[in-house]
Amino acid sequence: MQKILVSRCLLGHRVRYDGGAHGPFDQLQHWLDEGRVVALCPEVAGGLPTPRPPAEIRHGQGGAVLDGRLPVLTIEGEDVTAAFVDGAEQALALVREHDIRLALLKARSPSCGNLENYDGSFSGVRVSGEGVTAALLKRAGVKVFNEAQLDEAAAELARLERD
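Residue positions are given per chain, counted from 1 along the sequence in the order it is written. The predicted origin of the model limits local features to residues at a pLDDT of at least 70 and limits the giving and counting of side-chain atom pairs to 80 or more, whereas totals for whole chains, interfaces and linings rest on all residues. The basis for every side-chain value is the complete set of non-hydrogen atoms in the structure, without hydrogens or water.

Participant: Mind laying out the sheet that holds strand E8 (residues 143–146), listing which residues take part and the relevant values?
Facilitator: Taken in spatial order, the four strands of this open sheet run E2-E1-E5-E8, and their pairing is parallel. Whereas interior strands pair on both sides, the edge strands pair on one side only; in this sheet they are strand E2 (37–40) and E8. On average, each strand axis in the sheet is inclined to that of its neighbour by 25°, with strand direction left out of account. As defined by bridge partners, strand E1 (residues 4–7) adjoins E2 across four bridges and the pair is classed as parallel. Opposite Ile 4, over in E2, you have Val 37 as the bridge partner. Contacts are residue-level and defined by heavy atoms, with any inter-residue pair within 4.5 Å sufficient. Axes here mean lines fitted to C-alpha atoms, for a helix over just the part in contact, with angles spanning 0 to 180 degrees between N-to-C directions. Think of it this way: any DSSP run of H or I at least four residues long counts as a helix, any run of E at least two long counts as a strand, and we number them from the N terminus. Where helix H4 (residues 81–98) meets the sheet, it contacts E1 and E2, and its direction lies at approximately 165° from that of E2. One requirement defines pairing of two strands: DSSP has to find at least two bridges between them.

Following this line, the structure appears as structure tokens:
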């Protein structure tokens, strides 16, 4: 059975930077019931507390963080890059351990965002980009979706199961 890496906040776990959560969504509950879900919050796994100050990446580019070209900074200016990279590496370790090829991660997160992110100004401006974990997983060949793409993720899972 194909496993799916899922952001813990999407499962209703209160691990978001503000102590909040999302979900669980019906599709995620179905996957939980099937035993497919491997849950992780990369930021908490990397050692950050809940709640924690919001963090952003300049220009929203997690790949540049992985390449050592940009830091992840909190609104207070603290460099939390090491925690974000550590969490991403833990996500990749889970992917390898469970032979995961599909991830459902939180949209617009500096760790998990897969299509867009905040621009690093803490002003709510969104830009095309991805979080640190999403970037690392994509580099490893994992298909990354967000909670607005549940139907697409389910279709990809069905395709993977057929193949």
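Participant: Lay out the nonpolar core with the relevant residues and their values.
Facilitator: Grouping buried Ala, Val, Leu, Ile, Met, Phe, Trp, Tyr and Cys residues that are joined through side-chain atoms within 4.5 Å yields what is termed a nonpolar core. Residue burial is assigned from relative accessible area. The probe radius is 1.4 Å, only protein chains are included, and a residue is buried under 20% of its type maximum, exposed over 50%, and partly exposed in between. With 29 residues, the main nonpolar core has Leu 5, Val 72, Val 132 and Leu 137 as its most contacted residues. Going through the elements one at a time, E2, strand E3 (55–57), helix H3 (62–66), H4, strand E5 (102–105) and helix H5 (132–139) are the ones with two or more residues in this core. Looking at which element gives the most residues to this core, the answer is H4, with eight residues. Here Leu 137 is in contact with Leu 5, Ala 91, Leu 92, Val 95, Ala 103, Leu 105, Val 142 and Val 144, once residues within four sequence places are set aside. Within the second largest apolar cluster, 17 residues are counted, among which are Ile 4, Val 6, Cys 9 and Cys 41.

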